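Inside the fold
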Amino acid sequence: MKQMLNIALPKGRLGEKVYAMFEKAGFPCPAIHEDNRKLIFENEELGLRFFWAKPSDVPIYVERGVADIGVAGKDILLEYRPDVYELLDLDLGKCRMAVAAPKSFHDDPRRTLRVATKFSRIAANYYAAQGREIDIIHLNGSIEIAPIIGLSDVIVDIVETGTTLKENDLEVIATVVPISARLIANKSGYKFKNETIEEIVRGIAAQINAKS
Amino acid sequence: MTNVSVLRGDERAALALRALYSRYGYTQYKMNKFEEYDLYVRNKDFLISDNIITFTDTGGKLMALKPDVTLSIVKNSRLDAGVEKVYYQENVYRISDRSGSFREIMQVGLECIGQVDRYCIFEVLQLAAKSLAAISADTVLDISHLGIVSAVLDALAVDGTTRSALLRCIGEKNLHEMTTIAANAGADADRIALLARLVAASGKPSDILPTLVPALSSLVDSAMLQDFAALAQSLEESVQGCTVHIDFSVVSDMGYYNGIVFKGFVAGVPAGLLSGGEYNGLMKKMGRTDRAIGFAVYLDALERHLESDLSFDVDTVVLYDDSADPAALAAFVEAESADGKAVLALGALPEKLRYRTLRKFDGRGNA
(Lines give C-alpha, C1' and ligand atoms only; values in the text may rest on other atoms or scores of the structure.)
Protein backbone atom coordinates (compact mmCIF):
# COMPACT_ATOMS: atom_id res chain seq x y z
CA MET A 1 0.00 0.00 0.00
CA LYS A 2 1.25 3.49 -0.85
CA GLN A 3 2.40 5.52 2.15
CA MET A 4 -0.13 8.29 2.77
CA LEU A 5 0.90 11.92 2.95
CA ASN A 6 -1.38 13.72 5.40
CA ILE A 7 -2.16 17.35 4.63
CA ALA A 8 -3.95 19.69 7.05
CA LEU A 9 -5.66 22.64 5.42
CA PRO A 10 -7.40 25.54 7.15
CA LYS A 11 -11.19 25.43 6.82
CA GLY A 12 -12.66 28.29 4.84
CA ARG A 13 -11.84 30.43 1.83
CA LEU A 14 -8.08 30.40 2.39
CA GLY A 15 -8.08 26.61 2.59
CA GLU A 16 -9.99 26.36 -0.69
CA LYS A 17 -7.47 28.63 -2.43
CA VAL A 18 -4.61 26.57 -1.04
CA TYR A 19 -6.23 23.32 -2.14
CA ALA A 20 -6.49 24.76 -5.67
CA MET A 21 -2.71 25.25 -5.59
CA PHE A 22 -2.20 21.60 -4.58
CA GLU A 23 -4.50 20.53 -7.39
CA LYS A 24 -2.64 22.67 -9.92
CA ALA A 25 0.68 21.29 -8.67
CA GLY A 26 -0.51 17.79 -9.60
CA PHE A 27 -1.73 16.66 -6.17
CA PRO A 28 -5.53 16.58 -6.50
CA CYS A 29 -8.18 14.88 -4.44
CA PRO A 30 -11.42 15.02 -6.48
CA ALA A 31 -13.55 13.84 -3.53
CA ILE A 32 -12.97 17.21 -1.88
CA HIS A 33 -15.33 18.84 -4.42
CA GLU A 34 -18.27 16.68 -3.32
CA ASP A 35 -20.97 18.65 -1.57
CA ASN A 36 -20.96 17.14 1.92
CA ARG A 37 -19.80 17.82 5.44
CA LYS A 38 -16.92 15.38 5.43
CA LEU A 39 -13.65 16.69 6.83
CA ILE A 40 -11.26 14.02 5.54
CA PHE A 41 -10.69 13.20 1.86
CA GLU A 42 -8.39 10.66 0.30
CA ASN A 43 -6.79 10.08 -3.05
CA GLU A 44 -5.54 6.55 -2.54
CA GLU A 45 -3.92 6.37 -5.94
CA LEU A 46 -1.62 9.30 -5.20
CA GLY A 47 -1.36 8.49 -1.49
CA LEU A 48 -2.84 11.80 -0.34
CA ARG A 49 -5.12 12.47 2.61
CA PHE A 50 -6.41 16.02 2.99
CA PHE A 51 -8.28 17.20 6.04
CA TRP A 52 -9.92 20.45 6.97
CA ALA A 53 -8.97 21.79 10.39
CA LYS A 54 -9.62 24.93 12.38
CA PRO A 55 -6.93 27.35 11.08
CA SER A 56 -5.34 27.88 14.49
CA ASP A 57 -5.14 24.09 15.02
CA VAL A 58 -3.21 23.31 11.83
CA PRO A 59 0.25 23.81 13.44
CA ILE A 60 -0.76 21.44 16.26
CA TYR A 61 -1.66 18.69 13.78
CA VAL A 62 1.61 19.21 11.95
CA GLU A 63 3.84 19.47 15.02
CA ARG A 64 2.26 16.33 16.48
CA GLY A 65 2.86 14.50 13.21
CA VAL A 66 -0.72 13.50 12.36
CA ALA A 67 -0.33 15.85 9.40
CA ASP A 68 2.96 15.74 7.49
CA ILE A 69 2.38 19.15 6.00
CA GLY A 70 -0.17 21.92 6.47
CA VAL A 71 -0.97 25.53 5.84
CA ALA A 72 -1.10 28.06 8.66
CA GLY A 73 -1.05 31.84 9.03
CA LYS A 74 2.22 33.44 10.12
CA ASP A 75 0.30 35.00 13.05
CA ILE A 76 -0.45 31.54 14.46
CA LEU A 77 3.15 30.40 13.88
CA LEU A 78 4.59 33.43 15.67
CA GLU A 79 2.18 33.12 18.56
CA TYR A 80 2.48 29.38 19.22
CA ARG A 81 6.02 28.75 17.89
CA PRO A 82 5.48 25.13 16.84
CA ASP A 83 8.65 23.12 16.18
CA VAL A 84 8.05 22.70 12.44
CA TYR A 85 9.72 23.58 9.14
CA GLU A 86 8.32 26.62 7.36
CA LEU A 87 8.88 25.72 3.73
CA LEU A 88 7.03 28.37 1.72
CA ASP A 89 5.35 31.74 1.96
CA LEU A 90 2.21 31.10 -0.09
CA ASP A 91 1.56 34.78 -0.70
CA LEU A 92 -2.10 34.21 0.21
CA GLY A 93 -4.22 35.50 3.08
CA LYS A 94 -2.05 38.59 3.24
CA CYS A 95 -2.65 41.03 6.06
CA ARG A 96 -0.59 42.54 8.88
CA MET A 97 -0.32 42.37 12.64
CA ALA A 98 -0.66 45.95 13.80
CA VAL A 99 -0.96 48.19 16.83
CA ALA A 100 -4.16 50.23 16.71
CA ALA A 101 -5.50 52.91 19.03
CA PRO A 102 -8.36 55.43 19.24
CA LYS A 103 -7.72 58.46 17.07
CA SER A 104 -7.43 60.56 20.22
CA PHE A 105 -4.70 58.32 21.72
CA HIS A 106 -1.55 60.03 22.91
CA ASP A 107 1.25 57.69 23.98
CA ASP A 108 2.78 58.67 27.30
CA PRO A 109 6.00 56.63 27.74
CA ARG A 110 6.00 57.37 31.49
CA ARG A 111 3.00 55.09 31.94
CA THR A 112 2.74 51.35 31.51
CA LEU A 113 0.97 50.75 28.21
CA ARG A 114 -2.14 48.59 28.46
CA VAL A 115 -2.33 46.30 25.43
CA ALA A 116 -5.39 44.17 24.61
CA THR A 117 -4.72 41.30 22.24
CA LYS A 118 -5.39 37.74 21.23
CA PHE A 119 -1.69 37.45 20.35
CA SER A 120 0.03 37.89 23.73
CA ARG A 121 3.42 36.49 22.71
CA ILE A 122 3.66 38.59 19.54
CA ALA A 123 2.68 41.74 21.48
CA ALA A 124 5.10 40.95 24.33
CA ASN A 125 8.00 40.39 21.90
CA TYR A 126 7.22 43.52 19.93
CA TYR A 127 7.26 45.79 22.98
CA ALA A 128 10.16 43.93 24.65
CA ALA A 129 12.28 44.76 21.58
CA GLN A 130 11.49 48.43 22.25
CA GLY A 131 12.15 48.11 25.99
CA ARG A 132 8.61 49.30 26.67
CA GLU A 133 6.81 48.18 29.80
CA ILE A 134 3.33 46.90 28.99
CA ASP A 135 0.38 45.27 30.69
CA ILE A 136 -1.02 42.57 28.40
CA ILE A 137 -4.75 41.96 28.56
CA HIS A 138 -5.44 38.69 26.79
CA LEU A 139 -8.82 38.65 25.06
CA ASN A 140 -10.31 36.00 22.81
CA GLY A 141 -12.37 38.19 20.49
CA SER A 142 -13.91 41.64 19.83
CA ILE A 143 -10.52 43.15 20.64
CA GLU A 144 -11.57 46.47 19.07
CA ILE A 145 -13.89 47.38 21.92
CA ALA A 146 -11.13 47.21 24.58
CA PRO A 147 -9.74 50.76 24.09
CA ILE A 148 -13.21 52.21 23.48
CA ILE A 149 -14.52 51.09 26.86
CA GLY A 150 -11.25 51.89 28.66
CA LEU A 151 -9.97 48.35 29.15
CA SER A 152 -6.75 49.08 27.25
CA ASP A 153 -4.81 51.94 25.64
CA VAL A 154 -4.06 50.09 22.40
CA ILE A 155 -4.75 46.77 20.73
CA VAL A 156 -2.46 44.41 18.81
CA ASP A 157 -4.50 42.57 16.21
CA ILE A 158 -4.70 41.41 12.62
CA VAL A 159 -5.65 44.15 10.16
CA GLU A 160 -6.86 43.22 6.70
CA THR A 161 -8.72 46.14 5.14
CA GLY A 162 -8.93 48.33 8.24
CA THR A 163 -12.72 48.68 7.89
CA THR A 164 -13.52 47.27 11.36
CA LEU A 165 -10.97 49.61 12.91
CA LYS A 166 -12.40 52.61 11.07
CA GLU A 167 -15.95 51.75 12.10
CA ASN A 168 -14.80 51.69 15.71
CA ASP A 169 -12.87 54.97 15.47
CA LEU A 170 -9.50 53.24 15.71
CA GLU A 171 -6.45 53.71 13.54
CA VAL A 172 -3.25 51.76 12.94
CA ILE A 173 -0.31 53.43 14.68
CA ALA A 174 2.35 50.80 13.89
CA THR A 175 2.82 47.60 11.90
CA VAL A 176 4.21 44.74 13.97
CA VAL A 177 4.75 42.16 11.23
CA PRO A 178 3.29 41.31 7.81
CA ILE A 179 1.21 38.13 7.80
CA SER A 180 0.49 35.55 5.10
CA ALA A 181 -0.21 31.83 4.81
CA ARG A 182 2.79 29.49 5.10
CA LEU A 183 3.34 25.88 4.08
CA ILE A 184 4.70 24.05 7.12
CA ALA A 185 6.03 20.51 7.56
CA ASN A 186 6.54 18.12 10.44
CA LYS A 187 10.29 17.75 10.97
CA SER A 188 10.17 13.97 11.16
CA GLY A 189 7.63 13.55 8.34
CA TYR A 190 9.84 15.71 6.13
CA LYS A 191 12.67 13.17 6.48
CA PHE A 192 10.63 10.11 5.59
CA LYS A 193 8.29 11.53 2.92
CA ASN A 194 10.80 14.00 1.53
CA GLU A 195 10.38 13.21 -2.14
CA THR A 196 6.63 13.87 -2.23
CA ILE A 197 6.87 16.93 0.04
CA GLU A 198 9.62 18.45 -2.08
CA GLU A 199 7.61 17.76 -5.24
CA ILE A 200 4.65 19.61 -3.72
CA VAL A 201 6.92 22.48 -2.64
CA ARG A 202 8.32 22.80 -6.15
CA GLY A 203 4.86 22.67 -7.73
CA ILE A 204 3.45 25.34 -5.44
CA ALA A 205 6.59 27.52 -5.54
CA ALA A 206 6.34 27.58 -9.34
CA GLN A 207 2.79 28.98 -9.08
CA ILE A 208 3.89 31.66 -6.57
CA ASN A 209 6.82 32.67 -8.76
CA ALA A 210 4.61 32.82 -11.85
CA LYS A 211 2.21 35.11 -9.97
CA SER A 212 4.91 37.47 -8.78
CA MET B 1 15.13 -15.78 34.32
CA THR B 2 14.55 -12.49 32.52
CA ASN B 3 11.43 -12.09 30.44
CA VAL B 4 11.83 -8.83 28.51
CA SER B 5 8.34 -9.12 27.04
CA VAL B 6 6.92 -7.71 30.26
CA LEU B 7 8.88 -4.49 29.73
CA ARG B 8 7.35 -1.46 28.06
CA GLY B 9 8.71 -0.52 24.64
CA ASP B 10 10.77 2.38 26.02
CA GLU B 11 12.22 0.14 28.75
CA ARG B 12 13.20 -2.48 26.19
CA ALA B 13 14.83 0.24 24.07
CA ALA B 14 16.74 1.51 27.12
CA LEU B 15 18.02 -2.00 27.77
CA ALA B 16 19.17 -2.43 24.17
CA LEU B 17 20.93 0.95 24.18
CA ARG B 18 22.73 0.28 27.45
CA ALA B 19 23.95 -3.05 26.07
CA LEU B 20 25.13 -1.28 22.91
CA TYR B 21 27.09 1.41 24.77
CA SER B 22 28.64 -1.19 27.11
CA ARG B 23 29.89 -3.12 24.09
CA TYR B 24 31.94 -0.08 23.09
CA GLY B 25 33.52 0.26 26.53
CA TYR B 26 31.31 3.02 27.87
CA THR B 27 30.72 2.68 31.58
CA GLN B 28 27.50 3.54 33.32
CA TYR B 29 27.41 6.88 35.10
CA LYS B 30 25.01 6.84 38.01
CA MET B 31 24.06 10.08 39.62
CA ASN B 32 21.93 11.62 42.28
CA LYS B 33 18.47 12.94 41.39
CA PHE B 34 19.42 16.31 42.86
CA GLU B 35 22.05 18.83 41.91
CA GLU B 36 22.91 22.28 43.24
CA TYR B 37 20.66 24.83 41.54
CA ASP B 38 23.64 27.10 40.95
CA LEU B 39 24.99 24.75 38.26
CA TYR B 40 21.91 25.30 36.12
CA VAL B 41 21.69 29.04 36.73
CA ARG B 42 25.25 29.46 35.43
CA ASN B 43 24.45 27.46 32.29
CA LYS B 44 20.81 28.32 31.73
CA ASP B 45 21.04 28.55 27.94
CA PHE B 46 22.40 25.01 27.71
CA LEU B 47 19.13 23.64 29.07
CA ILE B 48 16.16 22.80 26.85
CA SER B 49 13.87 24.56 29.33
CA ASP B 50 14.98 26.94 32.07
CA ASN B 51 12.11 26.01 34.37
CA ILE B 52 13.56 23.90 37.14
CA ILE B 53 12.01 22.26 40.21
CA THR B 54 13.92 23.57 43.21
CA PHE B 55 13.87 22.95 46.94
CA THR B 56 15.97 23.87 49.95
CA ASP B 57 17.79 20.91 51.47
CA THR B 58 18.29 20.37 55.18
CA GLY B 59 21.57 22.34 55.10
CA GLY B 60 19.84 25.38 53.60
CA LYS B 61 21.32 24.87 50.12
CA LEU B 62 19.08 25.51 47.11
CA MET B 63 18.86 22.25 45.18
CA ALA B 64 17.22 21.25 41.90
CA LEU B 65 15.67 18.10 40.52
CA LYS B 66 17.94 17.39 37.54
CA PRO B 67 16.60 18.93 34.31
CA ASP B 68 19.72 17.74 32.44
CA VAL B 69 22.39 15.08 32.75
CA THR B 70 25.32 16.42 30.71
CA LEU B 71 26.10 19.35 33.02
CA SER B 72 26.45 17.03 36.03
CA ILE B 73 28.68 14.61 34.11
CA VAL B 74 30.97 17.39 32.86
CA LYS B 75 31.15 18.94 36.34
CA ASN B 76 32.26 15.64 37.83
CA SER B 77 34.55 14.49 35.03
CA ARG B 78 38.29 14.52 35.68
CA LEU B 79 40.59 16.84 33.79
CA ASP B 80 43.48 14.37 33.73
CA ALA B 81 41.53 11.28 32.73
CA GLY B 82 42.48 11.20 29.04
CA VAL B 83 39.14 10.32 27.51
CA GLU B 84 36.18 9.46 29.72
CA LYS B 85 33.45 7.46 27.99
CA VAL B 86 30.27 7.15 29.98
CA TYR B 87 26.63 6.36 29.36
CA TYR B 88 23.63 6.99 31.55
CA GLN B 89 20.00 6.13 31.98
CA GLU B 90 18.40 8.77 34.12
CA ASN B 91 15.11 10.52 34.66
CA VAL B 92 15.14 14.26 34.12
CA TYR B 93 12.47 16.76 35.12
CA ARG B 94 11.38 19.37 32.62
CA ILE B 95 8.41 21.44 31.67
CA SER B 96 6.58 20.06 28.69
CA ASP B 97 6.36 22.70 25.94
CA ARG B 98 2.75 21.99 25.23
CA SER B 99 1.11 21.29 28.58
CA GLY B 100 3.25 23.76 30.54
CA SER B 101 3.51 21.30 33.43
CA PHE B 102 6.52 19.34 34.70
CA ARG B 103 7.20 15.86 33.38
CA GLU B 104 9.55 13.08 34.37
CA ILE B 105 11.41 12.01 31.23
CA MET B 106 13.52 8.90 30.89
CA GLN B 107 16.68 9.72 29.00
CA VAL B 108 19.47 7.45 27.83
CA GLY B 109 22.64 8.88 26.41
CA LEU B 110 26.38 8.96 26.37
CA GLU B 111 29.19 11.46 26.77
CA CYS B 112 32.78 11.31 25.57
CA ILE B 113 34.85 13.88 27.47
CA GLY B 114 38.53 14.84 27.50
CA GLN B 115 41.06 14.28 24.75
CA VAL B 116 38.37 13.80 22.11
CA ASP B 117 39.92 12.93 18.75
CA ARG B 118 38.52 12.19 15.29
CA TYR B 119 37.95 8.55 16.17
CA CYS B 120 35.93 9.54 19.27
CA ILE B 121 33.70 11.80 17.15
CA PHE B 122 33.20 9.07 14.55
CA GLU B 123 32.45 6.50 17.25
CA VAL B 124 29.84 8.73 18.93
CA LEU B 125 28.14 9.43 15.60
CA GLN B 126 28.20 5.75 14.76
CA LEU B 127 26.68 4.90 18.13
CA ALA B 128 23.99 7.53 17.56
CA ALA B 129 23.12 5.83 14.26
CA LYS B 130 23.24 2.38 15.85
CA SER B 131 20.98 3.63 18.68
CA LEU B 132 18.37 4.65 16.12
CA ALA B 133 18.76 1.36 14.24
CA ALA B 134 18.23 -0.52 17.51
CA ILE B 135 14.91 1.27 18.01
CA SER B 136 13.36 1.06 14.54
CA ALA B 137 13.99 -0.14 11.02
CA ASP B 138 13.21 3.22 9.45
CA THR B 139 15.39 6.00 10.88
CA VAL B 140 17.38 9.04 9.78
CA LEU B 141 20.39 10.65 11.44
CA ASP B 142 20.81 14.28 10.32
CA ILE B 143 24.29 15.67 10.76
CA SER B 144 25.46 19.24 10.50
CA HIS B 145 28.56 21.27 11.36
CA LEU B 146 28.11 24.53 13.25
CA GLY B 147 31.57 25.68 12.18
CA ILE B 148 30.46 25.57 8.56
CA VAL B 149 27.14 27.31 9.25
CA SER B 150 28.98 29.89 11.33
CA ALA B 151 31.54 30.59 8.59
CA VAL B 152 28.79 31.23 6.02
CA LEU B 153 26.96 33.50 8.50
CA ASP B 154 30.22 35.37 9.24
CA ALA B 155 30.60 36.04 5.54
CA LEU B 156 27.25 37.88 5.55
CA ALA B 157 28.73 40.40 8.03
CA VAL B 158 25.43 41.09 9.81
CA ASP B 159 24.83 42.27 13.39
CA GLY B 160 24.01 39.97 16.32
CA THR B 161 20.24 40.49 16.21
CA THR B 162 20.11 39.70 12.48
CA ARG B 163 22.34 36.67 13.02
CA SER B 164 19.96 35.32 15.69
CA ALA B 165 16.99 35.85 13.37
CA LEU B 166 18.86 34.04 10.58
CA LEU B 167 19.68 31.13 12.88
CA ARG B 168 15.99 30.80 13.76
CA CYS B 169 15.16 30.72 10.03
CA ILE B 170 17.87 28.10 9.43
CA GLY B 171 16.31 25.85 12.07
CA GLU B 172 12.92 26.23 10.36
CA LYS B 173 14.29 25.79 6.81
CA ASN B 174 12.58 29.10 6.29
CA LEU B 175 14.42 30.22 3.17
CA HIS B 176 11.99 32.96 2.18
CA GLU B 177 12.32 34.90 5.46
CA MET B 178 16.02 34.15 5.77
CA THR B 179 16.67 35.67 2.36
CA THR B 180 14.59 38.77 3.13
CA ILE B 181 16.21 39.35 6.55
CA ALA B 182 19.74 38.98 5.17
CA ALA B 183 18.98 41.21 2.16
CA ASN B 184 17.44 43.89 4.41
CA ALA B 185 20.62 43.79 6.51
CA GLY B 186 22.62 44.61 3.39
CA ALA B 187 24.31 41.21 2.97
CA ASP B 188 25.85 40.24 -0.35
CA ALA B 189 23.32 38.53 -2.67
CA ASP B 190 25.68 35.72 -3.71
CA ARG B 191 26.47 34.88 -0.10
CA ILE B 192 22.78 34.90 0.80
CA ALA B 193 22.19 32.47 -2.08
CA LEU B 194 24.96 30.24 -0.74
CA LEU B 195 23.41 30.25 2.74
CA ALA B 196 20.05 29.34 1.20
CA ARG B 197 21.71 26.50 -0.72
CA LEU B 198 23.36 25.26 2.49
CA VAL B 199 20.09 25.25 4.44
CA ALA B 200 18.08 23.68 1.61
CA ALA B 201 20.58 20.82 1.25
CA SER B 202 19.13 17.69 2.76
CA GLY B 203 20.07 14.16 1.79
CA LYS B 204 22.76 11.53 1.67
CA PRO B 205 26.35 12.82 1.93
CA SER B 206 27.19 11.15 -1.39
CA ASP B 207 24.42 13.16 -3.08
CA ILE B 208 25.00 16.48 -1.32
CA LEU B 209 28.73 16.86 -0.83
CA PRO B 210 30.15 16.65 -4.39
CA THR B 211 28.49 19.94 -5.36
CA LEU B 212 28.23 21.63 -1.96
CA VAL B 213 31.87 21.33 -0.89
CA PRO B 214 33.28 23.24 -3.91
CA ALA B 215 30.58 25.91 -3.49
CA LEU B 216 31.56 26.46 0.16
CA SER B 217 35.30 26.32 -0.31
CA SER B 218 35.80 30.09 -0.63
CA LEU B 219 34.10 30.83 2.71
CA VAL B 220 34.81 27.83 4.91
CA ASP B 221 38.17 26.68 6.27
CA SER B 222 39.18 23.91 3.92
CA ALA B 223 40.51 21.55 6.63
CA MET B 224 37.19 21.81 8.51
CA LEU B 225 35.22 21.24 5.34
CA GLN B 226 37.29 18.25 4.21
CA ASP B 227 37.18 16.73 7.69
CA PHE B 228 33.40 17.02 7.83
CA ALA B 229 32.99 15.66 4.31
CA ALA B 230 35.24 12.67 5.05
CA LEU B 231 33.45 11.95 8.33
CA ALA B 232 29.99 12.14 6.76
CA GLN B 233 30.99 9.93 3.86
CA SER B 234 32.62 7.28 6.07
CA LEU B 235 29.55 7.28 8.26
CA GLU B 236 27.25 6.82 5.28
CA GLU B 237 29.35 3.91 4.06
CA SER B 238 29.77 2.14 7.40
CA VAL B 239 26.41 2.56 9.12
CA GLN B 240 23.73 -0.05 8.54
CA GLY B 241 20.06 0.16 9.50
CA CYS B 242 19.98 3.95 9.69
CA THR B 243 20.06 6.49 6.87
CA VAL B 244 22.70 9.18 7.37
CA HIS B 245 21.73 12.59 5.99
CA ILE B 246 23.46 15.93 5.87
CA ASP B 247 21.11 18.68 7.00
CA PHE B 248 22.47 22.07 8.01
CA SER B 249 19.14 23.11 9.53
CA VAL B 250 20.20 21.21 12.66
CA VAL B 251 21.36 24.13 14.78
CA SER B 252 22.01 24.30 18.50
CA ASP B 253 23.06 27.14 20.79
CA MET B 254 26.39 28.25 19.36
CA GLY B 255 27.56 29.50 22.74
CA TYR B 256 27.73 25.90 23.95
CA TYR B 257 27.92 23.77 20.83
CA ASN B 258 30.42 24.00 18.00
CA GLY B 259 31.59 21.53 15.39
CA ILE B 260 29.41 18.51 14.63
CA VAL B 261 25.78 18.55 15.77
CA PHE B 262 23.20 15.91 14.94
CA LYS B 263 19.60 14.88 15.38
CA GLY B 264 17.92 11.49 14.98
CA PHE B 265 14.44 10.76 13.69
CA VAL B 266 12.31 7.61 13.70
CA ALA B 267 9.49 7.17 11.16
CA GLY B 268 6.17 7.59 12.94
CA VAL B 269 7.62 9.57 15.86
CA PRO B 270 6.74 13.23 15.27
CA ALA B 271 9.70 14.89 16.97
CA GLY B 272 13.45 14.32 16.99
CA LEU B 273 14.25 11.35 19.20
CA LEU B 274 17.98 11.80 19.53
CA SER B 275 19.98 14.98 19.84
CA GLY B 276 23.67 15.63 20.32
CA GLY B 277 26.85 17.32 19.29
CA GLU B 278 30.25 18.66 20.24
CA TYR B 279 29.80 21.00 23.21
CA ASN B 280 33.27 22.46 23.51
CA GLY B 281 31.73 25.87 24.30
CA LEU B 282 30.17 24.44 27.44
CA MET B 283 33.51 22.91 28.42
CA LYS B 284 35.16 26.31 28.06
CA LYS B 285 32.47 27.99 30.12
CA MET B 286 33.08 25.40 32.82
CA GLY B 287 36.78 26.24 32.84
CA ARG B 288 37.92 23.26 30.77
CA THR B 289 40.34 23.32 27.89
CA ASP B 290 39.55 19.81 26.62
CA ARG B 291 36.68 18.73 24.39
CA ALA B 292 33.45 16.80 24.60
CA ILE B 293 30.77 15.20 22.45
CA GLY B 294 27.66 13.30 23.40
CA PHE B 295 23.99 12.69 22.74
CA ALA B 296 20.73 11.89 24.47
CA VAL B 297 17.86 9.67 23.38
CA TYR B 298 14.48 10.91 24.59
CA LEU B 299 12.65 7.70 25.33
CA ASP B 300 9.39 9.35 26.36
CA ALA B 301 8.73 10.02 22.66
CA LEU B 302 8.69 6.25 22.10
CA GLU B 303 5.85 5.55 24.49
CA ARG B 304 3.30 5.17 21.72
CA HIS B 305 5.61 4.07 18.94
CA LEU B 306 7.03 1.00 20.64
CA GLU B 307 4.16 -0.03 22.81
CA SER B 308 3.54 -3.76 22.93
CA ASP B 309 0.25 -5.30 21.87
CA LEU B 310 -2.18 -3.64 24.24
CA SER B 311 -5.36 -5.14 22.81
CA PHE B 312 -5.54 -7.58 25.75
CA ASP B 313 -5.05 -6.92 29.47
CA VAL B 314 -3.98 -10.53 30.13
CA ASP B 315 -3.51 -13.71 28.12
CA THR B 316 -5.58 -16.01 30.32
CA VAL B 317 -8.16 -15.51 33.02
CA VAL B 318 -8.60 -18.43 35.43
CA LEU B 319 -12.02 -18.20 37.01
CA TYR B 320 -12.43 -20.08 40.26
CA ASP B 321 -15.22 -20.56 42.79
CA ASP B 322 -15.25 -20.61 46.61
CA SER B 323 -14.58 -24.33 46.72
CA ALA B 324 -11.22 -24.05 44.91
CA ASP B 325 -8.23 -25.38 46.83
CA PRO B 326 -5.71 -22.45 46.99
CA ALA B 327 -2.65 -24.66 46.58
CA ALA B 328 -4.15 -26.51 43.59
CA LEU B 329 -5.23 -23.21 42.04
CA ALA B 330 -1.76 -21.69 42.56
CA ALA B 331 -0.17 -24.75 40.92
CA PHE B 332 -2.56 -24.44 37.99
CA VAL B 333 -1.78 -20.72 37.54
CA GLU B 334 1.94 -21.52 37.76
CA ALA B 335 1.63 -24.16 35.03
CA GLU B 336 -0.45 -21.87 32.78
CA SER B 337 2.04 -19.01 33.05
CA ALA B 338 5.13 -21.18 32.57
CA ASP B 339 5.51 -20.20 28.91
CA GLY B 340 5.51 -16.49 29.72
CA LYS B 341 1.76 -15.93 29.45
CA ALA B 342 0.09 -13.39 31.74
CA VAL B 343 -2.43 -15.35 33.84
CA LEU B 344 -4.91 -13.67 36.15
CA ALA B 345 -6.86 -15.75 38.69
CA LEU B 346 -10.17 -14.21 39.72
CA GLY B 347 -13.25 -15.21 41.66
CA ALA B 348 -15.51 -13.09 39.44
CA LEU B 349 -15.06 -11.73 35.95
CA PRO B 350 -14.89 -7.90 35.71
CA GLU B 351 -17.04 -6.48 32.93
CA LYS B 352 -14.37 -4.74 30.84
CA LEU B 353 -11.43 -7.08 31.27
CA ARG B 354 -9.87 -8.01 27.89
CA TYR B 355 -8.43 -11.56 27.74
CA ARG B 356 -7.50 -14.10 25.10
CA THR B 357 -8.56 -17.26 26.93
CA LEU B 358 -10.93 -17.98 29.80
CA ARG B 359 -10.33 -21.08 31.92
CA LYS B 360 -12.69 -22.20 34.66
CA PHE B 361 -11.14 -23.90 37.66
CA ASP B 362 -13.39 -26.07 39.80
CA GLY B 363 -12.93 -26.94 43.45
CA ARG B 364 -11.43 -30.35 42.68
CA GLY B 365 -8.53 -28.92 40.76
CA ASN B 366 -9.87 -29.48 37.27
CA ALA B 367 -9.90 -26.80 34.62
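Note that this is a predicted model, so its numbers are computed, not measured. (Residues numbered from 1 in each chain as written. Chains lettered and ligands numbered in written order. Predicted model: local features only at pLDDT ≥ 70, side-chain atom pairs only at ≥ 80, totals over all residues. Heavy atoms only, no water.)

1. Re the domain arrangement of chain B
Here is the rule: The source of the domain bounds is an automatic or database domain assignment.
Split by domain assignment, chain B resolves into domain 1 (1-138 + 267-310), domain 2 (145-236) and domain 3 (312-361). On a C-alpha basis, the centres of domain 2 of chain B and domain 3 of chain B stand 63 Å from each other.

2. Looking at the interface of chain B and chain A
What counts, and what does not: In what follows, residue pairs with any heavy atoms lying within 4.5 Å of each other are defined as contacts. The buried area of a pairing is the accessible area, by a 1.4 Å probe, that goes missing from both parts when the two are put together, added over both. Every case where a carboxyl oxygen of Asp or Glu lies within 4 Å of a side-chain nitrogen of Lys or Arg is listed as a salt bridge. In protein, a polar contact means a hydrogen-donor-capable atom and an acceptor-capable atom, both N or O and within 3.5 Å, with residues adjacent in sequence counting only if both atoms are side-chain atoms; elsewhere, any N or O pair within 3.5 Å suffices. Runs of H or I in DSSP of at least four residues are treated as helices and runs of E of at least two as strands, each being numbered from the N terminus. Any residue outside Ala, Val, Leu, Ile, Met, Phe, Trp, Tyr, Cys, Pro, Asp, Glu, Lys and Arg is labelled polar, Gly included; the first ten of those are nonpolar and the last four are charged.
Each partner contributes to the interface: chain B provides 20 residues, whereas chain A provides 21 residues. Each partner contributes to the roughly 1,600 Å² buried at the junction of chain B and chain A, and carbon and sulfur atoms together form 48% of this total. The interface formed by chain B and chain A holds four salt bridges in total. A salt bridge links B:Asp247 to A:Lys191; the nearest nitrogen and oxygen atoms lie 3.1 Å apart. Connecting chain B to chain A are 11 residue pairs in polar contact (both at pLDDT 80 or more). Among the secondary structure elements, those contributing two or more residues to the side of chain B that touches chain A are strand S7 (139-145), helix H6 (160-172), helix H7 (175-184) and strand S10 (260-266) of chain B. Looking at the side of chain B that touches chain A residue by residue, the classes come out as six nonpolar, six polar and eight charged.

3. Considerations on the packing of aromatic side chains
Quick reminder of the rule: The criterion for an aromatic pair is that two Phe, Tyr or Trp rings (for Trp, the six-membered ring) have centres within 6.5 Å, with stacked assigned to planes under 30 degrees apart, edge-to-face to planes over 60 apart and tilted to the rest. Charge over a ring is defined by NZ of Lys or CZ of Arg lying within 6 Å of the ring centre and within 35 degrees of the ring normal.
Within the structure shown, the criterion is met by 12 aromatic pairs over all chains. Measuring from ring centre to ring centre gives 5.9 Å for B:Tyr21 and B:Phe295, while their planes differ by 75°; the resulting arrangement is edge-to-face. A residue pair is termed long-range when its members are at least 10 positions apart, and B:Tyr21 in helix H1 (residues 9-23) and B:Phe295 in strand S12 (residues 291-298) qualify at 274 residues. Members of the aromatic cluster, joined through ring pairs, are B:Tyr21, B:Tyr87, B:Phe262 and B:Phe295. The ring of A:Tyr85 has B:Lys173 lying over it, and the distance from NZ or CZ to the ring centre is 5.7 Å. Taking the ring centre of B:Tyr256 as reference, the NZ or CZ of B:Lys285 above it sits at 4.3 Å.

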